[in-house]
Amino acid sequence: MNGVQIPHTPIAVDFWSLRRAGSARLFFLSHMHSDHTVGLTSTWARPLYCSPVTAFLLHRHLQVSKQWIRALEVGESHVLPLDEIGRETVTVTLMDANHCPGSVMFLFEGYFGTILYTGDFRYTPSMLKEPALRVGKQIHTLYLDNTNCNPALVLPSQEEAARQIVELIRKHPEHNVKIGLYSLGKESLLEHLALELQTWVVLSPRRLELVQLLGLADVFTVEEKEGRIHAVDHLEICRSAMLRWNQTHPTIAVLPTSRKIHSSHPNMYVIPYSDHSSYSELRTFVAALRPCQVVPIVSRQPYRNYFEDSLSPRLSVPLVPDSVQQYMSSSSSKPSVLCLLLERKLKKPRTQGVVFESLEENADQSQAVSDSKRVENEDLSGNLGKQPSHHPLRIKQQLFPEVCSKEWDGAVPLLESQKILTAPLGFSMHLTSTDEEFLCPETGQESGVGPHSVPRGDSDGSAGSGNQRSWRGQDSPRPQSSKAALLLAPEFRGLALKYLLTPANFFQAGFSSRGFDLQVENYHKSLLSQTSFDPASI
């Protein structure tokens, strides 16, 4: 098993033994090769983070429920909670690992410093140009794919190895060609061979589904007689199979691998085409990053201190925050309630329920309601477009990622400082799309507490308008009305009590929960001013 629970953190990568990783709470999958999924079965019942392609394969081939799969976009940074209260977070960035479809490297940043977990990867110079790496970050711990970390093993580049395979096939123009592969990987090599040799490549139906998902060239078929290149399982290539194939038609077999394999038939060829970095490439990669320490991923592979001359000074062991310690020591029988609330997906649009503020918060927001009123009046007079947009933070930088749709720019967060916010008038309320295959923290997640609404700007892309205080719900001085004194006494502060004291027949149908909040505020504002309720004020 090639995986690890990162010490002093609740993070586990490619590590699926819950008994041995009892304190792990965040689980990540780098890719779908079997040596990285040991222990991962259809009974898995905890949130699991991976790339979108891996998410598809994970559900398709291991039958892991979509309820637990969190697909994170490659090349983007994502913020996840590291405790029950959201005080500590980790920023994780996924980068293409150039190993197999869906394979990624994980860059973790948090209280523990910066950790890069390569998973299985084949180094290319473009990796050092990744935005997450080229800013000169100090990598404290580098978990490195050491499969080919052997100075005696000299490997050609993938381009050179592919050229060798093309030349070999061209030397046998009348032969069928069997390419021995694992169930996942080297699909781009097959595409290259088809285009270079102008022939169809015959695949199994399962692999054909994958190449179609990847959007590769239309050079693949499942018809046995359509092409001379056949992709087969590497275990099929043996002496007995070679004898059988050559009885019906001249056949050669190619095993593109850096492993040492004995050729049991004169028509069997091993070409050192590898999806793992060579020793020289590893040296280049480590020298460029200069991490404080290197930890090998493949435990069965002998590892020596090959990179001592490329390391930065070691740092002290990070202190684990108390909230993270409590999170790691809490019961692991079920996922954190916070995580389920943060990662929710709407199965279908439903009427929204009422969202209550804490009774400890100051409920007098008359100034905020007044500002919202002014925004509404400006909207009715056609002046709303002149109001400035307010974009407090990018949505992907939020501690609590909100439910959003692809149509929304994602520039305005729904939550700020864990307070309930009231959207400005003039905003439309839009429920997230239900078409997504997998759960994504940035696009809404499964939860039993009902759907969110998300404010959207006008069609011109403006994400916010009107007075910002109405958006943030700032407090204002308490009026001195004797009739309002009971409502605004400290023991009665809060929007919850206002709901209880508002007549049911006051509410107008067709509003979201935040629209109801505004109606409640208007009702109590009318009480504060000792005036009768005017329906036109809503």
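Shown above is the structure to which this text applies.
In this text the structure is predicted, and so the values were computed from the model without any measurement.

Rules of the game
- Residues numbered from 1 in each chain as written.
- Predicted model: local features only at pLDDT ≥ 70, side-chain atom pairs only at ≥ 80, totals over all residues.
- Heavy atoms only, no water.
- Helix = DSSP H or I, 4+ residues; strand = E, 2+ residues; numbered from the N terminus.
- Buried < 20%, exposed > 50% of the residue type's maximum accessible area, 1.4 Å probe, protein only.
- Contact = heavy atoms within 4.5 Å.
- Salt bridge = Lys/Arg side-chain N within 4 Å of Asp/Glu carboxyl O.
- Arc of directions from axis to C-beta.
- Phe/Tyr/Trp six-rings, centres within 6.5 Å; stacked < 30°, edge-to-face > 60°.
- Lys NZ or Arg CZ within 6 Å of the ring centre and 35° of its normal.

A. Representation of the overall build of the protein. When you go through the protein residue by residue, the secondary structure sums to 14 helices and 19 strands. A total of 538 residues make up the protein; the buried ones form 51% of that total. The long-range share in the protein, meaning contacts at least 24 apart out of those at least 6 apart in sequence, stands at 65%.

B. Representation of the pattern of salt bridges within the structure. The tally for this structure, following the rule as stated, stands at nine salt bridges. Of the charged contacts in the structure, one is a salt bridge between Asp275 and Lys186, with a shortest N-O distance of 3.1 Å. Residue Asp275 is located in the loop between strand S16 (268-271) and helix H7 (279-289), and its partner Lys186 is located in the loop between strand S11 (176-181) and helix H4 (187-197); the two are separated by 89 residues in the primary sequence. Under the relative-accessibility criterion, Asp275 is labelled buried at 7%. With relative accessibility at 13%, the residue Lys186 sits in the buried group. A salt bridge links Arg283 to Asp309; the shortest N-O distance between them is 3.0 Å. Remark: Asp309 occurs in the loop between strand S17 (293-296) and helix H8 (322-329) and Arg283 occurs in helix H7; sequence separation between them is 26 residues. In the salt-bridge network here, residues are joined through shared partners; they are Glu160, Arg163 and Glu167.

C. Expanded view of helix H6 (residues 239-248). Within the sequence span of H6, burial applies to Ala241, Met242 and Trp245. One face of H6 carries all of its buried residues, which in axial projection span an arc of 100°. As for H6, its buried residues are in contact with S11, strand S15 (251-256) and S16.

D. Representation of the packing of aromatic side chains within the structure. Under the criterion given, the structure shown has 12 aromatic pairs. Ring plane angle 25° and centroid distance 5.8 Å describe the contact between Phe106 and Phe108, whose orientation is recorded as stacked. Given the relative accessible area of 0%, Phe108 is considered buried. Seen from their ring centres, Tyr279 and Tyr306 are 5.4 Å apart, and the 80° between their planes marks the pair as edge-to-face. A residue pair is termed long-range when its members are at least 10 positions apart, and Tyr279 in helix H7 and Tyr306 in the loop between S17 and H8 qualify at 27 residues. Judged by relative accessible area, Tyr279 falls into the buried class, the value being 17%. Cluster of aromatic residues (ring-pair linked, three or more members): Phe28, Tyr49, Phe106 and Phe108. Sitting above the plane of the Trp245 ring, Lys178 keeps its charged end 4.9 Å from the centroid.

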